[in-house]
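Spelled out, the chains give:
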Amino acid sequence: MNIDLTDTTSSRINTELVKTRRALGSPATGMVLTLVIVTDEGNHYDALRAASGASKEHPSRILVVVRRPGRSPRDRAQHRLDAELRMGSDVGAGETVILRLHGELSSHAHSVVLPLLLPDAPVVVWWPDDAPDHPAEDPLGRLGQRRITDARATEDPVGALGRRAETYAPGDTDLSWTRITPWRSMLAASLDQKHSTLHSAVVEGEEYNPSSELLALWLAERLRIPVERRVSEGPGITAVRLETADGQVCLDRPDGTLAELAVPGQPDRHVALQRRSTAELIAEELRRLDPDEAYAEAVRFGVDKLAQPDPQHPTPAASATPAPAKGGGAAGAKADAKGASAEESGAADSGTADSGGAGAKKASGKGGSASSEGTGRSRGAAKGASAGKKATRS
């Protein structure tokens, strides 16, 4: 059911939501959170489709904020709120309200959104494309417990990661980080299968791919070994190679769908590592509402090591000396992604082969402490590893 309200107010929208819900025979909401999507007219369709897919796992009220400030001084001086209400099975499990803010009202979106938030329910704010430089200080960002951005959608993904590190606040995360959950899970599982001293690592991925940068930074931060970033033709991340005392551990995914895992002393095997849709990424982020400490440590660790890409002359970055190890980096990586492994299994049972899940992130915040409790003796060589190379764009 679709209902259009022109030149309306937040109070009238709330009244219409209650009336429509009763007409549909569902007086109880049953929604667990409010998802606020801040986008523009050209991108709101794709964002709304992804959010509706995620709402099947997390029933929510979806508020889509579309700013239309106007081009002429006359249009900018006016203010009007138009709303489109969508309810029923065709829009997922929950309610959808598309808010179009015209003129001066577009600068006060938080005042329109605040009365429409579900009472006593968490709030998640998502910027699918152009996010503010400081999401936590944005008027809409202040309303949310979690703030989701996407560095891949920006013109300068590496620069966007740098800004995320400088302005990070508890509750911030990025979909570029969410995309590497299956990779972190699989790499941690491979290290659990073969205990050996780690010497270095290589991450291969296409140019201007922030997920490749974050995966390299996560490995460097957790393992405390030199990590080299190499440019490939893609799609996305194509391979990760870990050099150990017993040989090379290689996770290779050339086609973006099926990967091959090679561990010394074991037969090679294929693993499902398909690139996930935005709906699956959002669903994963909505599984946890606490701060993502692993993301914060990874993006902060390497922000000063990210170099601008040079497509004509791709070369490794100059070496940089990381901070002293927290105590056994390899085990820290294992503990960091142990939850991801468990979540991967659960997702496979439900039909999502490569959904890493929020378990990776819950365990990831404890990765540093886990590594310091029992891995100093078994990972002494990893603690004393040589300086890591800077992650580069080319």
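What you see is a predicted model; the values in this text were computed from it and never measured.

## A word on the environment of T6
Secondary-structure assignment places T6 in the loop between strand 1 (2-5) and helix 1 (10-23). The exposure class assigned to T6 is exposed, which follows from its relative accessible area of 62%. Along the backbone, T6 and L81 are 75 residues apart, and their C-alpha atoms lie at a distance of 6.8 Å. The residues touching T6, leaving out its near neighbours within four places in the chain, are R80, L81 and D82.

## Focus on the layout of surface pockets
Within this model, the largest pocket holds a volume of roughly 310 Å³. In terms of lining residues, the largest pocket is bounded by 17 residues, among which D46, W126, P128, D150 and T278 are the most central. For the lining of the largest pocket, the secondary-structure elements that each account for two or more residues are helix 2 (44-54) and helix 9 (278-285). Among the elements that take part in the lining of the largest pocket, helix 2 stands out by supplying 4 residues, more than any other. When its residues are assigned to classes, the lining of the largest pocket shows 7 nonpolar, 3 polar and 7 charged.

## Observations regarding the pattern of salt bridges
This structure, assessed with the given rule, holds 23 salt bridges. D133 is paired through a salt bridge with R163; the nearest N and O atoms lie 3.5 Å apart. With D133 in the loop between strand 6 (123-126) and strand 7 (146-149) and R163 in helix 5 (residues 157-166), this residue pair connects regions lying 30 residues apart in the sequence. The closest approach of N and O atoms between D290 and R288, which form a salt bridge, is 2.9 Å. We classify D290 as partly exposed; its relative accessible area is 35%. Relative accessible area serves as the criterion here: at 2%, R288 is assigned to the buried category. Ionic contacts of the salt-bridge type, sharing partners, join the residues E41, R68, E84, R86 and R100 into one network.

## A closer look at unusual backbone geometry
Residues apart from glycine generally show negative phi values, whereas peptide bonds are mostly found in trans. With omega at 5 degrees, the peptide bond leading from G234 into P235 counts as cis. Within the secondary structure, P235 is located in the loop between strand 10 (227-232) and strand 11 (237-244). Phi is positive for D120, which is not a glycine, with a value near 55 degrees. Here D120 lies in the loop between helix 4 (109-113) and strand 6. One non-glycine residue, Y208, lies in positive phi territory at about 60 degrees. Looking at the element boundaries, Y208 is found in the loop between strand 9 (198-206) and helix 8 (210-223).

Calculation criteria
Residues numbered from 1 in each chain as written. Predicted model: local features only at pLDDT ≥ 70, side-chain atom pairs only at ≥ 80, totals over all residues. Heavy atoms only, no water. Helix = DSSP H or I, 4+ residues; strand = E, 2+ residues; numbered from the N terminus. Buried < 20%, exposed > 50% of the residue type's maximum accessible area, 1.4 Å probe, protein only. Contact = heavy atoms within 4.5 Å. 1 Å grid on protein atoms, 1.4 Å probe; cavity = no way out; pocket = protein on both sides within 12 Å on 5 of 7 lines; lining within 4 Å. Points joined across faces, edges and corners; volume = space filled by probe spheres on them. Nonpolar A, V, L, I, M, F, W, Y, C, P; charged D, E, K, R; others polar. Salt bridge = Lys/Arg side-chain N within 4 Å of Asp/Glu carboxyl O.

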